[in-house]
Amino acid sequence: MESNKIQTNIKDQVLNYLAYWRWFCLSIIISLIVSNFYLRYTADIYHTEAKIEVLDNNENGFKLPNQGISIFGDKSINLENQIELIKSSRIIDQVVDKLNLTTEIFSEGKIKKVEQWQNSPFQVIWALPKDSVNNSSTSFNITISEKGYKLNDNNKEYLFGQTNFDHKIPFKLDLKNKYKVNIGSKYVVNLIKKKQCRKSISNNIIIDYVGNQSEILKISYNGNNLKKINDIVNAIVEVYQNDGIEDRQLVFKKTIEFVDERFVTLFDELNNIENSKVNYEKSNELSYVQSDAGLLMGNLNISRTNFVNSSTQLVLSKMMISTLNKTGDLEFLPANIGLENTETNQLIANYNEQLLKLNKLIESGAGESNPVINDGKRLLLKLKNNIKTSLHGYENFLESKRNELGKINSFEKARYSKVPLNEKVIRSIERQQTIKEGLYVLLLQKREEASINMAITNPTIKIIEYADNESDPIFPDKKTVYLIAILIGILFTVTTIFIINQLDNKIHNPEDLSVLLPELSVIAEIPFIKEENKIINFFDRSPLSEAFRILRTNINFLLQSAKNGKVLMVTSTIKGEGKTFISLNLAISLSTLDKKVVLIGADLRNPQIHKSLGLDKSSYIGLTNYLSDYEVLKNNIIIRNFDKNLKFDLIMSGLIPPNPSELLSNGKLESLLDDLKKEYDYIIIDTAPTLLVTDTSIISNLADTLLYVTRANYTEKKLIKFIAKIKESLSIKSMGVILNNVGEKQGYGYGYSYNYKYSYNYGYEYGYGVTKTKQKSSLLKRIKKWVKKKK
């Protein structure tokens, strides 16, 4: 049972709110309009991202497939260092210079500004050195005119293509396309300091891992211009890639420089040897000398070849030692110049690799006092000493080997003692020439290898995905904004209705009466009728007539113990609740049963029956005359056949007396009712409101039943308790409550007041065909009245 009540209450609450569906629609429409303006004039924020894979190009040794990741999950590449390198000022500054991000151009609209980026019809060229521009900031407005443009809304016009010196920072505007310029268009040009621009990019760029074990980085950026943020991210990726390639090319560049320096010396030495041979042969008048002994010559050639190779290696080692002594602490060493000592070549490669890593760490911002840098320098010094030691050992080995080969050559030469001395000299010269030529060819080969390696240097990153976002902005999200607008519209209406309901102190339905008056029953619900004529007709099938038929039936149940001549007293708490309307139509309804009915206007203070029936009150004598004048008889005040369509008789109130209470209590009314009971089946008395005056209380004991009229959307809840007090304080035989005006959607305008100490003044609109008294009300009352209309 309790659950049914809860479900009923919930249903009633839902229906109560649904009755305001027009409010919901209006509120939602207004919210959507506001949200549309918000979306239209709020700066959009776009998101873009690029993905790159950081490559490990360390070729020192063979690696197993799983060697890149340790058992502890460490990556083979330190991605934290790469992230800091991407965010470093060296990289960001190159991006700022490449895209000219220090200059911004906005088109000025009525409400918001839109950055033009590459769509601007002109470009700004600053007439100051680059360093000065990078440390300056300014802002000015441009208005396009017929001849050129105006600066900061001044009347002076400037021409495109000419330097403007009137501004604190001279500049020049060059048109990109004169046909795209609209006269009157306004633009805002901002010059931002390079340091501030760099800081803004560093703070807004987001670099993160794709996965914990992944070597792929995601570079994200948010901004108001989609094309601009795409260009910024792609420029960062490009600059970072080129920076890594340039780092890897440093060793090859050093090798090429070393070989180019040696070429000059070798060319001079070869030229001197060839000149000495030509001069010797010319001075000694020598011709071409051929070998006499094939086998011995072959052995001699083998010995000479070994001697030449050892001599070449000795020269290279000495050259390398000389270069090592000239090279500074943090300079790269030439690699792969032809030394056949594997240990020395490996040490040189390790030295260059460690030096490259140290330079990157220094460029990333690490200080000189960084322990990692100090450890790196000590490691480089140790490697350099190891290289020197290795070269000296290799040199000693070559010297020893060369001496051995010299002895072998001496032995072979002794066997060729018969060979002319001239041939020996020529062979010596040719041997020196061969050594220098071999060294020249070897260095040329190494130079070409270094050039090829520099040209095909492997990139440091692999670009997986460029920044090329063309999606909708991430803020504001249109769907979310519209959804929030709808929710705000609904919540605003619900809150407003809830507040109105909380402030509402009127009864609206029989359930309200049942809660406030559980001891009394609602015997009829009279519906609200829009028509001005509120009087029912005979054999009428309207909802109003049916409601009075129900009232008529329920009254018969209340009057089961009453004898002939049943007295029905109709009253209300305050004026305007419709007691006269109920009395009149009840008389009509009872008279349709061929019952004799008389209607008495006992509201002596504010009679209204004559107005409802359209009668002239001054043409008839009424109840006041009967009660105050003993010469007036009963038949003198009864009005019969006053309307051919109405079958009941009428006793009007008469003139308004100064002492209504005294007249009603003088005993003549009781005598009148006794006489009327003999002639009429039903006697209906329209009395005064009970709260304002005591007239009804005085005569309530004369009634067989009391019909108490309340009015939906009008009677205040605090007045309902007064009805219960009346039933307890007065000796009323039976009592029934009537709820009038049920389902009303229109307003009221019915004023009433009593000039006694218990005075009340109500200013509600009331449309039952009675006289309307319009009163000026406060703004709050008018708002509440409008709310009641809607409800």
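Given the structure is predicted, the values throughout are model-derived calculations rather than measurements.

(A) Spotlight on helix α6 (residues 194–204). Of the residues making up α6, those classed as buried are Lys 194, Cys 197 and Ile 201. Projected onto a plane normal to the axis of α6, the buried residues spread over an arc of 65° and lie on a single side. Exposed positions of α6 whose direction lies more than 90 degrees from the buried face are Lys 195, Gln 196, Lys 199 and Asn 203.

(B) Representation of empty space enclosed by the protein within the structure. Summed over the entire model, instances satisfying the criterion amount to 2 cavities of 30 Å³ or more. Quantified by volume, the second largest cavity comes out at close to 70 Å³. Of the residues in the lining of the second largest cavity, the class split is 4 nonpolar, 4 polar and 3 charged.

(C) The pairing of strand β5 (residues 138–144), seen in detail. Burial runs high along β5: 5 of the 7 residues are buried. In this structure, β5 lies alongside strand β10 (residues 186–191), joined through 6 bridges in antiparallel fashion. Within β10, the position partnered with Phe 140 by the bridge is Val 189. Relative to strand β6 (residues 149–151), β5 runs antiparallel, the two being bridged by 3 bridges. Bridge pairing in β6 places Thr 143 opposite Lys 150.

(D) Region of interest: the packing of aromatic side chains. Counted according to the given criterion, the structure contains 14 aromatic pairs. Aromatic pair Phe 122 and Tyr 187: ring centres 5.3 Å apart, planes at 85°, arrangement edge-to-face. One end of the pair, Phe 122, is in strand β4 (residues 122–126); the other, Tyr 187, is in strand β10, with 65 residues separating them in the sequence. Look at Tyr 187 and you get buried, because its relative accessible area is 8%. Taken together through their ring pairs, the aromatic side chains of Phe 122, Trp 126, Phe 140, Tyr 149, Tyr 158, Phe 160, Phe 171 and Tyr 187 make up a single cluster. When the ring centre of Tyr 680 is taken as origin, the NZ or CZ atom of Lys 596, which lies over that ring, is 5.3 Å away. Between the NZ or CZ atom of Arg 711 and the centre of the ring of Tyr 714, over which it lies, the distance is 4.8 Å.

(E) Local environment of the pattern of salt bridges. Under the counting rule described, the total for this entry stands at 25 salt bridges. Between Lys 130 and Asp 97 there is a salt bridge, and its shortest N-O distance comes to 3.7 Å. Taken together, the positions of Lys 130 in helix α5 (residues 130–134) and Asp 97 in helix α4 (residues 89–99) put the pair 33 residues apart, joining distant regions of the chain. Taking relative accessible area as the criterion, Asp 97 reaches 33% and is therefore assigned partly exposed.

(F) Looking closely at the sheet that holds strand β3 (residues 113–115). An order of β3-β2-β10-β5-β6-β7 is seen for the 6 strands of this open sheet, with the pairing classed as antiparallel. Looking at which strands have only one partner, the edges of the open sheet turn out to be β3 and β7 (157–158). Relative to β3, strand β2 (residues 103–108) runs antiparallel, the two sharing 3 bridges. Note that in β3 the partner of Phe 106 across the bridge is Glu 115.

(G) Region of the structure containing the side chain of Thr 687. Looking at where Thr 687 falls in the secondary structure, it is placed in the loop between β18 (682–686) and α21 (695–699). Polar side-chain contacts of Thr 687 include one of 2.9 Å to the backbone oxygen of Val 570. At 3.3 Å, the side chain of Thr 687 forms a polar contact with the side chain of Thr 571. Not counting the four nearest positions on each side in its chain, Thr 687 is found in contact with Met 569, Val 570, Thr 571, Lys 579, Ala 602, Asp 603, Thr 696 and Ile 699.

(H) Region of the structure containing a nonpolar patch on the surface. Together, Ile 10, Val 14, Leu 15 and Leu 18 give the surface a local cluster of nonpolar side chains, amounting to about 370 Å² of exposed area. Tracing the chain through its elements places Val 14 in helix α1 (residues 2–18). Overall, the relative accessible area of 43% leaves Val 14 in the partly exposed class.

(I) How the structure looks around the environment of Arg 541. Along the chain, Arg 541 falls in the loop between β14 (522–527) and α14 (543–558). Owing to a relative accessible area of 66%, Arg 541 belongs among the exposed residues under this scheme. The contacts of Arg 541, once residues within four sequence positions are left out, are Glu 546 and Arg 549.

(J) Quick peek at unusual backbone geometry. A cis amide bond links Phe 475 with the next residue in sequence, Pro 476, at an omega value of -10°. The residue Pro 476 is located in the loop between β13 (461–465) and α12 (478–503) in this model. One non-glycine residue, Asp 153, adopts positive backbone phi at about 60°. Its location among the elements puts Asp 153 in the loop between β6 and β7.

Calculation criteria
- Residue positions within a chain follow its written sequence, with the count starting from 1.
- pLDDT decides what is reported in this predicted model: residues at 70 or higher carry local features, side-chain atom pairs at 80 or more are listed and counted, and totals for whole chains, interfaces and linings draw on all residues regardless.
- Excluded from the side-chain calculation are hydrogens and water; included are all heavy atoms of the structure.
- Each residue is placed in one exposure class: buried if its accessible area under a 1.4 Å probe, protein chains only, is under 20% of its type's maximum, exposed if it is over 50%, and partly exposed if it falls in between.
- Starting at the N terminus, helices and strands are each numbered in turn, a helix being any DSSP run of H or I of at least four residues and a strand any DSSP run of E of at least two.
- The directions from the helix axis to the C-beta atoms are what the arc is built from.
- Of the grid points, spaced at 1 Å and generated over the protein atoms alone, those admitting a 1.4 Å probe that cannot get out make up cavities, while open sets with protein on both sides within 12 Å along at least five of seven lines make up pockets; any residue with an atom within 4 Å of a point is treated as lining.
- Grid points are joined across faces, edges and corners, and a volume is the space filled by probe spheres set on the points.
- As a working rule, the residues Ala, Val, Leu, Ile, Met, Phe, Trp, Tyr, Cys and Pro are called nonpolar, Asp, Glu, Lys and Arg charged, and the rest polar, with Gly in that last group.
- Only strands that DSSP links by at least two bridges are regarded as paired with each other.
- Stacked, tilted and edge-to-face pairs are distinguished by plane angle, under 30 degrees for stacked and over 60 for edge-to-face with tilted covering the rest, among Phe, Tyr and Trp rings (Trp via its six-membered ring) whose centres lie within 6.5 Å.
- By the criterion adopted, a ring carries a charge over it if an Arg CZ or a Lys NZ lies within 6 Å of its centre and within 35 degrees of its normal.
- Within this document, salt bridges are pairs made up of a side-chain nitrogen of Lys or Arg and a carboxyl oxygen of Asp or Glu, the two lying within 4 Å of each other.
- Contacts described as polar in this section are N or O atom pairs within 3.5 Å, which, within protein, must combine one atom able to donate a hydrogen with one able to accept it, while residues neighboring in sequence count only if both atoms come from side chains.
- The contact definition used throughout considers only heavy atoms, calling two residues in contact when any of these lie within 4.5 Å.
- Patch membership requires over 30% relative accessible area and the absence of a salt bridge. Like charges are linked within 9 Å, and nonpolar side chains (Val, Leu, Ile, Met, Phe, Trp, Tyr) within 5 Å.
- Using the Shrake-Rupley algorithm and a 1.4 Å probe, accessible areas are obtained, with residue cover drawn only from the displayed protein chains.

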